[in-house]
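For reference, the chains in residue letters:
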Amino acid sequence: MTRTDEIIATLGLQRHPERGFFVETYRAPLRLDDLPHGGPRAASTAIYFLLSAAEPCTYLHRLKSDELFHLYEGGPMDVLLLDGAGRSEVRRLGLDFSVGDRPQMVIPAGTWFATELVPGVGHCLWGCTVAPGFDFADLELAQGPELAARHSDVADRIARMTRQ
């Protein structure tokens, strides 16, 4: 059994529509009603998320809420962030602080983003905390070409992070 298989089995992870595996670990009982999300949401939610070398990146997507990543094991992992003004940025979720890695990062609401294992990395297990809480109705998957046209500097990454 590989380490990835062990993590999936032990944590009870399931396939995720963005690629990879996940399981929800927390959903706040407090409900927030006065939101622009189209309906009430839990105050916060949390999941485990796992990428492996078999599927080394997620699809580009955005949420209506802020998301906080926190690293548990493996990595490092690059996170591509694309804003509406044509700016792109790649941040690294990892533990080599001397080169700018961070074990936590915030993805602001409305930002297009996707994750990708650094070449040679076998897996990355991280947590995602979303506030207001995650709902699949708030997940928008990118088509890809429209983002590649606005972000030509990272078009190669966008191609890997787009549904074919």
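Residues numbered from 1 in each chain as written. Predicted model: local features only at pLDDT ≥ 70, side-chain atom pairs only at ≥ 80, totals over all residues. Heavy atoms only, no water.

(A) Quick look at the overall build of the protein chain. Scanning the protein chain from terminus to terminus reveals three helices and 13 strands. Reported as C-alpha extents along the three principal axes, the dimensions of the protein chain are approximately 45 × 40 × 35 Å. When each of the 164 residues of the protein chain is scored for burial, the buried share is 47%. Once local pairs closer than 6 in sequence are excluded, the contacts in the protein chain between residues at least 24 apart make up 73%. Only carbon and sulfur atoms are counted for the fraction: they give 54% of the accessible area of the protein chain, which is about 8200 Å². The positive charge centre, built from 16 side chains, and the negative charge centre, built from 22, are 2 Å apart in the protein chain. (Helix = DSSP H or I, 4+ residues; strand = E, 2+ residues; numbered from the N terminus. Buried < 20%, exposed > 50% of the residue type's maximum accessible area, 1.4 Å probe, protein only. Contact = heavy atoms within 4.5 Å. Areas by Shrake-Rupley, 256 points an atom, 1.4 Å probe, with all protein chains shown as cover. Lys, Arg positive; Asp, Glu negative; His and termini not counted. Charge placed at Lys NZ, Arg CZ, Asp CG, Glu CD.)

(B) Region of interest: helix 1 (residues 3–11). Where helix 1 is concerned, the buried positions are Thr4, Ile7 and Ile8. The buried side chains of helix 1 occupy one side of the element, clustering within an arc of 95 degrees when seen end-on. The exposed residues of helix 1 that point more than 90 degrees off its buried face are Ala9 and Thr10. Here the buried face of helix 1 lies against strand 2 (21–27), strand 5 (45–52), strand 7 (66–74) and strand 12 (123–131). (Arc of directions from axis to C-beta.)

(C) Main features of the pattern of salt bridges. Under the definition given, this model contains 14 salt bridges. Note that Glu55 is salt-bridged to Arg15, the shortest N-O span being 2.8 Å. In this pair, Glu55 sits in the loop between strand 5 and strand 6 (61–62) while Arg15 sits in strand 1 (residues 14–15), placing the two residues 40 residues apart along the sequence. For Glu55, a relative accessible area of 23% puts it in the partly exposed group. Under the relative-accessibility criterion, Arg15 is labelled partly exposed at 47%. Put simply, Asp78, Arg92, Glu116, Asp156, Arg157 and Arg160 are held in one network by salt bridges that share partners. (Salt bridge = Lys/Arg side-chain N within 4 Å of Asp/Glu carboxyl O.)

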